[in-house]
Amino acid sequence: MSGNISGGYTLWGRPGWGSALVEAQLDWYGLPFTYEPVGDLFKDPDAKAKLEKVNPLAQVPTLVLPDGSVMSESAAITLLLADVTGSDSLVPAPGAKERAAFLRWLVFLVANIYPTFTYADDPARFVSVNNARDPFRAATDAYAQRLWRQVESAAGAPWFLGERFSALDIYIGVMTRWRPRRGWFETETPKLFAIARKADQRPELKDVWRRNFP
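Residues numbered from 1 in each chain as written. Predicted model: local features only at pLDDT ≥ 70, side-chain atom pairs only at ≥ 80, totals over all residues. Heavy atoms only, no water.

A.B. asks: Any chance you could explain the overall build of the protein chain here in plain terms?
C.D. replies: Within the protein chain, the regular secondary structure consists of nine helices and four strands. The secondary structure elements of the protein chain, listed N-terminal to C-terminal, are β-α-β-α-β-β-α-α-α-α-α-α-α. Within the protein chain, the fraction of its 214 residues that count as buried is 47%. Put simply, 66% of the contacts in the protein chain that link residues at least 6 apart link residues at least 24 apart. By element, 53% of the accessible surface of the protein chain is carried by carbon and sulfur atoms, the whole surface being about 10300 Å². (Helix = DSSP H or I, 4+ residues; strand = E, 2+ residues; numbered from the N terminus. Buried < 20%, exposed > 50% of the residue type's maximum accessible area, 1.4 Å probe, protein only. Contact = heavy atoms within 4.5 Å. Areas by Shrake-Rupley, 256 points an atom, 1.4 Å probe, with all protein chains shown as cover.)

A.B. asks: Quick question: what am I supposed to make of the sheet that holds strand 2 (residues 33-37) here?
C.D. replies: Strands in a sheet are paired, the pairing made by backbone hydrogen bonds, and the direction either parallel or antiparallel. Reading across the sheet, the four strands line up as 2-1-3-4 and stay open at both edges, with mixed pairing between neighbours. Edge positions in the open sheet fall to strand 2 and strand 4 (70-72), since each of these has one partner strand only. Averaged over neighbouring strand pairs, the angle between their axes works out to 25 degrees when direction is ignored. Sitting on the sheet, helix 3 (residues 74-85) is in contact with strand 1 (9-13), strand 3 (62-64) and strand 4, with an inclination near 125 degrees to strand 4. (Pairing = 2+ DSSP bridges. Axes fitted to C-alpha atoms, helices over the stretch in contact; angles between N-to-C directions.)

A.B. asks: What is the right way to look at the confidence of the model for the protein chain in this model?
C.D. replies: Reading predicted coordinates in detail is not appropriate for stretches of low pLDDT. Mean pLDDT over the protein chain: 91, with 88% of residues reaching 70 or higher. Contacts from residues 1-6, a stretch scored under 50 in pLDDT, to residues over four places away or in other chains number 14 contacts. (pLDDT = per-residue confidence, 0-100.)

A.B. asks: Help me out: how do you make sense of the pattern of salt bridges in this one?
C.D. replies: Applying the stated criterion across every chain, the model contains 10 salt bridges. Ionic pairing is found between Arg 211 and Glu 23, a salt bridge with its closest N-O pair at 2.6 Å. Highlighted residues: Arg 211 in helix 9 (residues 206-212) and Glu 23 in helix 1 (residues 19-29), separated in sequence by 188 residues. By relative accessible area, which is 2% here, Glu 23 ends up buried. One salt bridge in this structure joins Arg 202 and Glu 204, with 3.1 Å as the shortest N-O distance. If you follow the salt bridges from partner to partner, you end up with Glu 23, Asp 27 and Arg 211 in one network. (Salt bridge = Lys/Arg side-chain N within 4 Å of Asp/Glu carboxyl O.)

A.B. asks: Just to check I follow, could you spell out unusual backbone geometry for this structure?
C.D. replies: Leaving glycine out, the prevailing phi sign among residues is negative, and the prevailing peptide bond configuration is trans. In this chain, Val 60 is followed by Pro 61 through a cis amide linkage whose omega measures 5 degrees. Mapped onto the fold, Pro 61 is located in the loop between helix 2 (45-52) and strand 3. Going from Arg 179 to Pro 180, the amide bond is cis rather than trans, its omega being 5 degrees. Structurally, the position occupied by Pro 180 is in the loop between helix 6 (167-175) and helix 7 (181-188). The backbone of Ala 58 sits at a positive phi, close to 50 degrees, despite the residue not being glycine. Within the secondary structure, Ala 58 is located in the loop between helix 2 and strand 3. Look at Ala 58 and you get buried, because its relative accessible area is 8%. You will see that Glu 73, though not glycine, has its phi angle at about 70 degrees, which is positive. Position of Glu 73 among the secondary structure elements: in the loop between strand 4 and helix 3.

So, in structure tokens, the structure goes:
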């Protein structure tokens, strides 16, 4: 293991939110971290103001590194943690045959699907007319479902990349717990549902699932 981890990491998060993606990886690698709980950023102005002091966008996950610098954006954190640990257990190493597919779908999830939650979780931030908010959210959710079907078409078995487990399976395990939730995935994207159920059973992740999805 390389990198300065003696001081540990600080993860700003909220159970069940996007911070679970990074929390799972910290657990997986056995990296020491402190969990700094964040209130509901949509409803609690004080929680938002507190996090803004660390990350001006007030987003979770926000990860403070042992040297005090701040990382945000879960995909960037995913790649960084693989570099820090010198491990390819979650991120295929450069030159690995799965590397290109991993990078493509990692960025696809965070650049295309993840923002649909940003927009639809609190439509008032983006749509000023009250009676337009429900149709906006419905259209955003429908778009997300179309994107998930595209991910389904690329999914392997038993894991997304085939025989090897990766951080993509952690993303699928977490994100299928959000809208439209597991029941929809079981019916509409059975390969992703199967991956998520297998990820639920990984012993390395049992504690993080318990903390985030009791």
